[in-house]
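# Architecture at a glance
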Amino acid sequence: MTKLLRMPSNPGQAVAHEIALGFDVERVRADFPILQTKIHGHNLVYLDNAATSQKPKAAIAAITRYYERDNANIHRGVHYLSERATAEFEAARKTVQMFLNALHPAEIVFVRGATEAINLVAQTYGRATVSAGDEVVITALEHHSNIVPWQMLCEEKGAMLRIVPINDDGDLILEELDRLLGPRTKIVAVSHVSNALGTVNAITDIVQRSHAKNIPVLIDGAQAAPRLTVDVQKLGCDFYAFSGHKAYGPTGIGILYGKSDLLEDMPPYQGGGDMIRSVTFEKTIYNKIPHKFEAGTPDMSGAVGLNAALKYLNRLGMDNIAAHEAELLAYATDAISRIPGIRVIGTAKEKAGVLSFVMEGVHPHDIGTILDQEGIAIRTGHHCAQPVMERFGVDATARVSLGLYNTKQEIDALVRGIHNIRKVFA
Ligand code: PMP
């Protein structure tokens, strides 16, 4: 049992009057009802957290409570429930602001997920600033959702997508970033943590190099927000995107952080209710930020669930979660690398949460299917990062991705499972 008792490094970031309670993984597991599920007669070993994480009772209960007590449409009604629902929704925004250490709640835009956040920036900031002959810089580590929106934009505008390469360990080659950043570069978009390899990118460094040339930076934080302390002011980034469902919150809700001056200048995303101040057939005046980017009825219960999930993470302490996962990752990497015929894909200097591997003579899908028979859930495939697979000369990997509730015993079960597969296929 891992027991760490450390306070978050930035207590100011913890949600008001929430005190870090320390980290006891057995107590934490009791907060996640799904972990009691038996799969094919075995205890569930859930190691697919990079795809989506399981939900604590606190988040599930908050959603139920919202529908049982508070539900009404927000920002419009003068009646009691509408005001209460609005207050809940805006309280969630405040929690996200503090979770990311953003300067102001208006810098937090509710979207469906990281994918929509990136599309929003590409379709508003991107469309307004990128012209024919301009360039957008991304990296060879990106998830498809941080490739395709930029590719679509470049295609529409006649612009060029430029790619920062990675080395054989899965680290970005930052000297190449310097070479690629030029007078035509309009934005840099890079993941904080790679979902395929687990590489943690040197965001502060990337932001400094880009800002030195007056180029804004978007960070895809889908894999970082659930496992690292994120401080957008320290990182210095201009945009930060993450998904609620990977951060122990519900599906259907996600976050775009944007610096207020950038958001103010950006054209709106979708048109509709709530994003307007006034409408006539001649002219529409848009609402102020962040509402300008939130057309239509938003996912209110999703915001409420995310609020509860982020408060839960704050109570555990993001530093404690990061330390717990780091210990598990080192333990798993050591054990899995020792298995004959295994090749770990992604050996970056700094990694978080993700361990990808291939096994000689066994397709990753077979590994995943056989482990499932023992109740062990891992992901196999290209992980929506086909360029990463191509870079390493594989079409798929088996990916173990950690969550705050995983244990060394679960890693032992995984390692036993992989040994057995080896015996069957040997
Ligand atoms: N970026 C990264 C690094 C991811 O891992 C994912 C999800 N796998 C996404 C973006 C997209 O997230 P969502 O599907 O929740 O929008």
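What comes next concerns the included structure. (Residues numbered from 1 in each chain as written. Predicted model: local features only at pLDDT ≥ 70, side-chain atom pairs only at ≥ 80, totals over all residues. Heavy atoms only, no water.)

### Observations concerning the sheet that holds strand 10 (residues 217-220)
- In space, the 7 strands of this open sheet follow the order 6-12-11-10-9-7-8, with mixed pairing throughout. The open sheet has two edge strands with one neighbour each: strand 6 (108-111) and strand 8 (160-164). Strand-to-strand, the axes of this sheet are offset by a mean angle of 20°, without reference to chain direction.
- Seen against the sheet, helix 3 (residues 80-100) touches strand 6, strand 11 (239-243) and strand 12 (254-258) and runs at an angle of roughly 115° to strand 6.
- Against the sheet, helix 7 (residues 203-211) engages strand 9 (185-191) and strand 10, with an angle of about 175° to strand 9. (Pairing = 2+ DSSP bridges. Helix = DSSP H or I, 4+ residues; strand = E, 2+ residues; numbered from the N terminus. Axes fitted to C-alpha atoms, helices over the stretch in contact; angles between N-to-C directions. Contact = heavy atoms within 4.5 Å.)

### What about the site of the ligand?
- Near the ligand you find Gly113, Ala114, Thr115, His143, Ser145, Asn195, Asp220, Ala222, Gln223, Ser243, His245 and Lys246, and these make up its full shell.
- Between the ligand and Ala114 there is a distance of 3.4 Å, counted from an oxygen atom to a backbone nitrogen or oxygen.
- Within the side chain of His143, an N or O atom sits 3.2 Å from a nitrogen atom of the ligand.
- Notes on the ligand: free accessible area 390 Å², of which the protein chains cover 85%. (Near = heavy atom within 4 Å. Polar contact = N/O pair within 3.5 Å; in protein donor to acceptor, adjacent residues only side chain to side chain. Areas by Shrake-Rupley, 256 points an atom, 1.4 Å probe, with all protein chains shown as cover.)

### Quick word on the pairing of strand 9
- Counting buried positions over the 7 residues of strand 9 gives 6, a clear majority of the element.
- Pairing analysis gives 3 bridges linking strand 7 (residues 135-139) to strand 9, with the strands arranged parallel. Paired with Glu135 across the strands is Thr185, a residue of strand 9.
- Sheet topology note: the strand 9/strand 10 ladder contains 4 bridges and is parallel. Looking at the pairing, Ala189 lines up with Leu218 of strand 10.
- Between the parallel elements strand 9 and strand 10, the chain passes through helix 7 in a crossover that is right-handed. (Buried < 20%, exposed > 50% of the residue type's maximum accessible area, 1.4 Å probe, protein only. Right-handed = clockwise from strand over helix to strand, strands pointing away.)

### A look at the pattern of salt bridges
- Scanning the model with the defined rule gives 20 salt bridges in all.
- Lys186 is the salt-bridge partner of Asp134, the closest N and O atoms lying 3.3 Å from each other. In this pair, Asp134 sits in the loop between helix 4 (114-129) and strand 7 while Lys186 sits in strand 9, placing the two residues 52 residues apart along the sequence.
- Here Lys259 makes a salt bridge to Asp238, at a shortest N to O gap of 3.3 Å. Remark: Asp238 occurs in the loop between helix 8 (232-235) and strand 11 and Lys259 occurs in the loop between strand 12 and helix 9 (260-265); sequence separation between them is 21 residues.
- Through salt bridges with shared partners, a single network forms among Asp48, Arg379 and Arg399. (Salt bridge = Lys/Arg side-chain N within 4 Å of Asp/Glu carboxyl O.)

### Some details on the sheet that holds strand 18 (residues 379-381)
- Strand order across the open sheet formed by 4 strands is 15-16-19-18, with antiparallel pairing between neighbours. For this open sheet the edge positions go to strand 15 (342-345) and strand 18, each flanked by a neighbour on one side alone. When the angles between neighbouring strand axes are averaged without regard to direction, this sheet yields 30°.
- Inspection of the sheet shows strand 18 paired to strand 19 (residues 397-401) by 3 bridges, in the antiparallel sense. Following the sheet pairing, Gly381 is matched in strand 19 by Thr397.

### Details of the environment of Arg227
- By the secondary structure assignment, Arg227 is in the loop between strand 10 and helix 8.
- The class for Arg227 is buried, based on a relative accessible area of 3%.
- For the pair formed by Arg227 and Glu325, sequence separation is 98 residues and the distance between their alpha carbons is 7.6 Å.
- For Arg227, the side chain forms a polar contact with the main-chain oxygen of Leu402, separated by 2.7 Å.

### With respect to the nonpolar core
- Membership of the largest hydrophobic core comes to 79 residues, with the highest contact counts inside it found for Val96, Leu100, Tyr240, Phe242, Leu313 and Leu404.
- Top element by residues in this core is helix 10 (residues 300-316). It accounts for 10 residues.
- Filtering out sequence-adjacent residues up to four positions away, Tyr240 remains in contact with Leu100, His192, Ile219, Gly221, Ala224, Ala225, Val230, Val232, Leu235, Ile255, Leu256 and Tyr257.
- Grouped together as the second largest cluster of nonpolar side chains are 29 residues, Val121, Ile147, Leu263 and Phe293 included. (Core = buried A, V, L, I, M, F, W, Y, C linked by side-chain atoms within 4.5 Å.)

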